[in-house]
Amino acid sequence: MTGSYSDPLAENRLPESRAECIDRARQFTFEFDGRDYPAYAGDTIASALAAGGVDTFSRSFKYHRRRGLLCLSGDCPNCMVRVDGEPNVRACLRAAEPGMSVQAQNAWPSLEIDLMSLVQHFDRFLPPGFYYKAFMRPRWLWPLYERFLRAAAGLGQLPEAVPEARPGKRHIHAEIAVIGGGPAGMAAAAAAAEQGARVILLEETPALGGHLRYRGDYAGVLDAGVRVSAGRDKIEESDVEVIPRTHAFGWYDHGVIGAAAEGGLLKVHAAAFILATGARERFLSFRNNDLPGVMFSGAAQRLIRLWRVRPGRRALVYSGSRYGYRTALDLQEAGVEVRLMDLAKGRSEFSELRDELGSRGVELLPQGLIRAVSGRRHVCGAEISDLTDGSRRQVDCDLLVLASPLIPANDLILQTGVKYAWDENAGGFRPGRMPPGIYVAGGAAGIYGADRAQRDGHLAGLAAAEALGYGVGASRSASGHAARGRDADAERAQATMPSASAKSGGKRDFVCLCEDVTRADIRISMGEGYQGMELLKRYATVGMGPCQGKICGDLLMRTHAEVAESSLADTQRTTSRPPVRPVRLGTLAGDRRDPLRLTPLHAWHVSNGAQMMVAGQWMRPEHYGDPMEEVRSVRSGVGLIDVSTLGKILVHGPDAHLLLNYIYTNRWKGLRTGAVRYGVMVNEEGVVLDDGVSARLSEDWYYLTTTSGGSDRVYEWIQWWLQSGLDLDVHAVQVTDHRAAMNLTGPLSRRVLSKVIHGVDLDGEAFPYMHARQGRVAGAPALLLRIGFTGELGYEIHVPSGYGLDVWEALLDAGAEFNIRPFGLEAQRVLRLEKGHIIVGQDTDGLTNPLQARMGWAVDLEKDEFVGRRSLLRLMDRGSDTLLVGFTLDRDLIPEEGTQVVRPGEGPIGLEIIGRVTSARYSPTLGRVIGLGWLPADMAEAGSEFLIRSKGEILDARVVEVPFYDPAGERQRE
Amino acid sequence: MILPGRDSVNSRNAPFEYGSAMRSRSAISDARGHTGLSARREEIQLAWRQSALMVDASHLGLLLIRGEDALTMLVESLGGAPGTVGQVLVLGEAAIARRRPDEFELVCSSFEAAEDLAMRLQEAPGAGLISILEASHGRAGMFLAGPQVPEVIMGLCALDLSHSQFPDRYYAQAGVAGIRASILRRDRAGTPIYYLGVDRSLGAYFWEELAREVGGISGMVIRAESGHALLGGWPVE
């Protein structure tokens, strides 16, 4: 007896025990709702608070009812708290740490006085599916409803600050992965590893042993300790890699399990999985079954044995399993006044335990049903009806321990495709046929009790290893694993537990603790026609909260069967989906792995003062200090820009021209070797995909360039068509990274290039506009394209990437006497806009066709079939509602890209949106603001005036012809 | 006509000119060529034998060969080629990996070796369309050697690199640290050595990701210009 013990730190802490997992030499305090609580190292938040006398941990989601510790295994939602800003932390799983700040959730203004709990008194107005029925009328009150509902909805509050450290994301590989470190999992891992397989074991808690650590359904605690140690030693000897504090939350395609570990996300790959996820106790239905003080026997035993916390003072143990007796003994040893309702009274195998309880003075109550527990803030009594005569009595207690029959903890297993069926003989659910590579062992397979689970795990380990070629024939029992379920039926592990308060209305009989769904709600929903389980789940929101059906799944099936007057065998279960337990979004996202691409010239840009920016997947120089000056330099002298980011694809083969003819809208036949052509690519609907120039390098080699962001897309597009029965003798190779590219442009660019070029005659006639040549630039083999994105004389120089920096520096050296300037993306945007070139993806969107984007000149509908031709023919006939036009403003105010084009009309602000601005810049060359935008076709004529709404102002704009600059294109052809 | 007029030679003519006296820069360090060592030989050997050693191998040459008759051509002109996808055949200083039934990757000791080999293969007899692309400049490559290397790489990818699943002279393409990489294993003296190749533009990112992992297990990271002088084309003891 421990009645005289008094812990100096906490009222409910019990004296030291050899099996405890707390370190009493290390004490500290932490804060819960503004008050300090003592804790020992090894305590969880929940155990420390329970030791300190806390009984209410949270408020429920809908009715804001008090909730206390129920399972202590992370299954239920009752102990979710906010820890150092992180919401929805399960206090029963999170270790207490010095100085941590813990707050209760879902309560206002405080956990003790929660005004939102008044909602439960209006529950008649909040039936299942109320959000489909209420708050609809009058419509003008909706803003008020919405404000209230938004404030009331949701669970937890996001942290104010984004955590600096992001969790990692790792893959782990093994031949056999064992999930669960209880007796079955440990035995399975050791057996498989002994046969030579590479095995990992994932365990959710810090220590191996599972229920052996606190249950003791055998000789006692010390025996349990010996068993755990033996299992652990065997694991260590067998070279099994154990990963503790890791919960497997989801089964994914191709045999991957997602697991949340302390360091972040683990993706577990294995050839075989042994799922030994254990069992859990059934939640029972009776009035006020959610009150603090109602607790599973496993939770009570954990508190007593692991953390040495007394769970109550006067306990009623409602015992339908062997664990009830052991829990009653533990409670009695902990100084709790115990009564036990013995539902397994007739079973001889428990007689010894029953005698022991009797000898210790534990009162054994006649078999009965729990109808209700009473109490406002905590259990203060239980109402029981006698099973034989129906008489009722009140039992005084502050703790109701539910030692209900076990059910498989099979949430993860169900995701693998394993079906569980009701086994009338065994009185429980049993797994059916396993998919290849999946083994289920122990409690998860409906095999309960430490010895049997261990034996079952051992067999599963051997079977999994044997299937992978280890220890073939070493054990005939391996093949017996599949049949061991039947063998286990020989001993029924559980007593039958009568369905509690079956006839009650069920208004406060909670089925789903997460969403506050009662038995009455289930009845109402089914009465409204939501009979199908999946439909019922969605309508009543049962099983849709943080527990994901762990607590309510079984009770929902039983309630459904009862209301539908069907058997459990005929009752559908809800679908299990990842995650089986809540996972932090940060864990799923992992650390910031942003694989940014760098051009071969990146280091030069950085060390020469470039303002770098992220453009798609690339880092690019935005400017080198003064983008407007960079524009002027190109227009009047010479500039150099890094365009290595351009997509580059080599197309090779005798049918290469046929491929290009098929994927581009314009004609490619007849393109001579050494010539360059601009092309537009559309999809089957005629929507613009990409554009770029391509050069014919030789008879059967073409060099395609794409937009910087379009490289992969275009390459995949080409591969798609090559593999779609075109039957073309063509190969395509992505070479974006093989070549550094730079554009030397401006009226003086020829003079600069002539200083470093070898093997190419730069004369305008020898090397005309829209042609390609190969030669040497600064010693590097180079492909030169004479094209003009900027509208000036220009050369796009493509060299092997490893030489890119040397060529760049050589060009800058050669251009020094001409005041050459490197220029960045901003100057390039201005230059191309002055020339009226569009940027695919910026000036176009997912619906734009080339006809409306002023690119009709690049569409040849007369040529043979090509991708998008039929759509473009129809679009041509139909005409375009909107057109892309150039515009100018009289004011120097630059509208933001995406800004609305408007005209007077109806609407909240008296304006109608009729288009949008896609590009706008101040042109230093023209001395005014210019831009591109979408307008209704009837307003697209040059000279038409329209309005732009930008930054709260209405700007007058006028449609003008494009290009804005050098419309005849003389400068680039020079 | 300035463009090379080699159209009539055969269908395997190169798209670009070969040959340059210039030294290519690594995508990982911007240094040209190879310079001296920055780590002691004993330290390097310790990392090699006990943990992990990481060396920039962007100086290695790369050839991509594609075509239905590529296998026949390689066998006839080089004397062999891997028979199945994922296998690696080592011929002299070149390692030939079979990416797909009709696609091969040749890793050579240098860019020059890759160019020489490309020219040799272009002249080889054979029918059908075969594309031969000297792709050395498009790739950043690195060696990871040492007993702890499989763990390092496996933590970053979905591929099981344990010996039983990915033995010596195996090849695969897989997502590693969020990007696509070629992984080629070629052991020396019982030490697993992996050559990892990625797009050149992602080389710096990839190097940093791997270096963090290698550093995390007390392995050794040798910058580009250092490693080559010691290790030559492929790492040797």
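Below, the structure is looked at part by part. Each chain has its residues counted from 1, running along the sequence as written. Lettering of chains starts at A and numbering of ligands starts at 1, both following the order in which they are written. Only residues with pLDDT of 70 or above have their local features reported here, since the model is predicted, and side-chain atom pairs are shown and tallied only from 80 upward, although totals for entire chains, interfaces and linings are computed over all residues. To obtain the side-chain values, all non-hydrogen atoms of the structure were used and water was disregarded.

Let's talk about a negative patch on the surface
Residue and element names in this part refer to chain A.
Here is step 1: Two joining distances apply to patches: 9 Å for like charges and 5 Å for nonpolar side chains (Val, Leu, Ile, Met, Phe, Trp, Tyr), and every residue must have over 30% relative accessible area and no salt bridge. Here the accessible surface of atoms and residues is derived via Shrake-Rupley with a 1.4 Å probe, and residues count as covered only by protein chains that are part of the display. Just to be clear on terms, a salt bridge is a Lys or Arg side-chain nitrogen sitting within 4 Å of an Asp or Glu carboxyl oxygen. Under this rule, positive means Lys or Arg and negative means Asp or Glu; His and the chain ends count for nothing. In this description, the location of a charge corresponds to atom NZ of lysine, CZ of arginine, CG of aspartate or CD of glutamate. There is a patch of like negative charges on the surface, built from E194, D233, E236 and E237.
Here is step 2: Among the elements that make up the negative patch, the one with the highest residue count is helix α5 (residues 221–237) (three residues).
Here is step 3: Helix and strand definitions follow DSSP, with helices as H or I runs of at least four residues and strands as E runs of at least two, each counted in order from the N terminus. Within the secondary structure layout, D233 lies in helix α5.

Regarding the environment of G209(A)
Residues and elements named next belong to chain A.
Here is step 1: Note on placement: G209 falls in the loop between β9 (199–202) and α5.
Here is step 2: In this structure, the C-alpha to C-alpha distance between G209 and S950, residues 741 residues apart in sequence, is 66 Å.
Here is step 3: Throughout, a residue-residue contact means that at least one pair of heavy atoms, one from each residue, lies within 4.5 Å. For G209, the residues in contact, after removing those within four places along its chain, are G181, G182, P183, M186 and V228.

Considering the environment of V395(A)
Residues and elements named next belong to chain A.
Here is step 1: Its location among the elements puts V395 in strand β21 (residues 392–396).
Here is step 2: Partly exposed residues are those whose accessible area sits between 20% and 50% of the maximum for their type, while under 20% is buried and over 50% is exposed, using a 1.4 Å probe and protein chains only. You can call V395 buried: its relative accessible area is 1%.
Here is step 3: When neighbours within four sequence positions are excluded, V395 is seen to be in contact with L316, R339, L365, G381, A382 and I384.

Thoughts on the side chain of S385(A)
Here is step 1: As for its placement among the helices and strands, S385(A) is situated in strand β20 (residues 381–386).
Here is step 2: When near neighbours in sequence (up to four residues on either side) are disregarded, S385(A) contacts G368(A), L369(A), R371(A), G390(A), S391(A) and R392(A).

With respect to the sheet that holds strand β35 (residues 701–706) of chain A
All names here are of chain A.
Here is step 1: DSSP bridges decide pairing: two strands pair if at least two such bridges lie between them. With antiparallel pairing, the five strands of this open sheet are ordered in space as β33-β34-β35-β32-β36. The outermost strands of the open sheet, each flanked by one partner alone, are β33 (676–682) and β36 (731–734). Recorded for the sheet is a direction-independent mean angle of 25° between the axes of neighbouring strands.
Here is step 2: Pairing of strand β32 (residues 647–652) with β35, which is carried by six bridges, proceeds in the antiparallel orientation. Its bridge partner being in β35, G647 is matched across the sheet by T706. Axes here refer to lines fitted to C-alpha atoms; in helices the fit is confined to the stretch in contact. Angles between the N-to-C directions go from 0 to 180 degrees.

Description of the interface of chain B and chain A
Here is step 1: Facing the 55 residues of chain B at the interface are 58 residues of chain A.
Here is step 2: Simply put, the buried area is the total loss of 1.4 Å probe accessible area from both parts when two parts are fitted together. Of the roughly 4600 Å² buried at the junction of chain B and chain A (both faces included), carbon and sulfur atoms supply 55%.
Here is step 3: At the boundary of chain B and chain A, one finds five salt bridges.
Here is step 4: Those elements giving two or more residues to the side of chain B that touches chain A turn out to be β2 (61–66), β6 (131–134), α4 (149–154) and α5 (203–216) of chain B.
Here is step 5: The leading source of residues in the side of chain B that touches chain A is α5(B), at four residues.
Here is step 6: Tallied by class, residues from the side of chain B that touches chain A come to 26 nonpolar, 15 polar and 14 charged. Each residue is assigned to one class: nonpolar for Ala, Val, Leu, Ile, Met, Phe, Trp, Tyr, Cys and Pro, charged for Asp, Glu, Lys and Arg, and polar for all the others, Gly among them.

So, the nonpolar core
Proteins that are soluble and globular tend to have nonpolar side chains buried together.
Here is step 1: In plain words, nonpolar cores are sets of buried Ala, Val, Leu, Ile, Met, Phe, Trp, Tyr and Cys residues tied together by side-chain atoms within 4.5 Å. In this structure, I257(A), V268(A), F273(A), L316(A), Y318(A), L400(A) and V542(A) are the most contacted members of the largest nonpolar core, which totals 78 residues.
Here is step 2: When sequence neighbours within four positions are dropped, the list of residues in contact with V542(A) reads V511(A), C512(A), V517(A), I522(A), L536(A), K537(A), C552(A) and L556(A).
Here is step 3: Y703(A), I44(B), F143(B) and Y171(B) belong to the second largest nonpolar core, which has 61 residues in total.

Focus: the packing of helix α19 (residues 656–663) of chain A against helix α20 (residues 711–722) of chain A
Residues and elements named next belong to chain A.
Here is step 1: Contact geometry for α19 and α20: axes closest at 11 Å, N-to-C directions at 110°. Here α19 is positioned roughly perpendicular relative to α20, judged by the angle of their axes. The handedness of the crossing between α19 and α20 is right-handed. Here L659, Y662 and I663 of α19 come into contact with α20, specifically with I718, W721 and L722.
Here is step 2: Taken together, the residues of the contact of α19 with α20 break down into six nonpolar, no polar and no charged. Under this scheme an angle from 65 to 115 degrees is roughly perpendicular, one under 35 degrees roughly parallel, and one over 145 degrees roughly antiparallel; angles in between are oblique. Should the near helix be turned anticlockwise from the far one by less than a right angle, the crossing is left-handed, and should it be turned clockwise, the crossing is right-handed.

Notes on the sheet that holds β6(B)
Residues and elements named next belong to chain B.
Here is step 1: Strand order across the open sheet formed by five strands is β3-β4-β5-β2-β6, with antiparallel pairing between neighbours. In this open sheet, the two strands that pair with only one neighbour each are β3 (88–91) and β6. Averaged over all pairs of adjacent strands, the angle between their axes in this sheet comes to 20°, without regard to strand direction.
Here is step 2: Both strand β4 (residues 94–100) and strand β5 (residues 103–108) contribute to a ladder of five bridges, which runs antiparallel. Following the sheet pairing, A97 is matched in β5 by E105.
Here is step 3: Sheet strands in contact with helix α2 (residues 70–78) are β2, β3, β4, β5 and β6, and its direction is about 35° off that of β5.

Quick look at the packing of aromatic side chains
Residues and elements named next belong to chain A.
Here is step 1: To pair, rings of Phe, Tyr and Trp, with the six-membered ring standing in for Trp, must have centres within 6.5 Å; the planes then decide the type, stacked if under 30 degrees apart, edge-to-face if over 60, and tilted in the middle. For the structure on display, the rule yields 21 aromatic pairs over all chains.
Here is step 2: Among the aromatic residues, those joined into a cluster by ring pairs are F130, F135 and Y145.
Here is step 3: Cation placement over rings: the criterion is NZ of Lys or CZ of Arg within 6 Å of the ring centroid and within 35° of the ring normal. Positioned above the aromatic ring of F510, the side-chain terminus of R67 is 5.5 Å from the ring centre.
Here is step 4: Taking the ring centre of Y965 as reference, the NZ or CZ of R635 above it sits at 3.9 Å.

Comments concerning a nonpolar patch on the surface
Residues and elements named next belong to chain A.
Here is step 1: Taken together, the side chains of W108, I113, L115, L118, F122 and F125 make up a nonpolar region of the molecular surface, amounting to roughly 690 Å² of accessible area.
Here is step 2: Along the chain, the position of L118 falls in the loop between β7 (101–104) and α2 (130–133).
Here is step 3: A relative accessible area of 47% places L118 in the partly exposed class.

Focus on the environment of R66(A)
All names here are of chain A.
Here is step 1: Along the chain, R66 turns up in strand β4 (residues 66–67).
Here is step 2: Those residues within four positions of R66 in sequence are excluded, and the remaining contacts are T56, S58, R59, L111, E112, D290, P292, R376 and R377.
Here is step 3: In protein, a polar contact means a hydrogen-donor-capable atom and an acceptor-capable atom, both N or O and within 3.5 Å, with residues adjacent in sequence counting only if both atoms are side-chain atoms; elsewhere, any N or O pair within 3.5 Å suffices. Polar side-chain contacts of R66 include one of 3.1 Å to the side chain of T56.
Here is step 4: Here E112 takes part through its side chain, which lies 3.2 Å from a polar atom of the side chain of R66.

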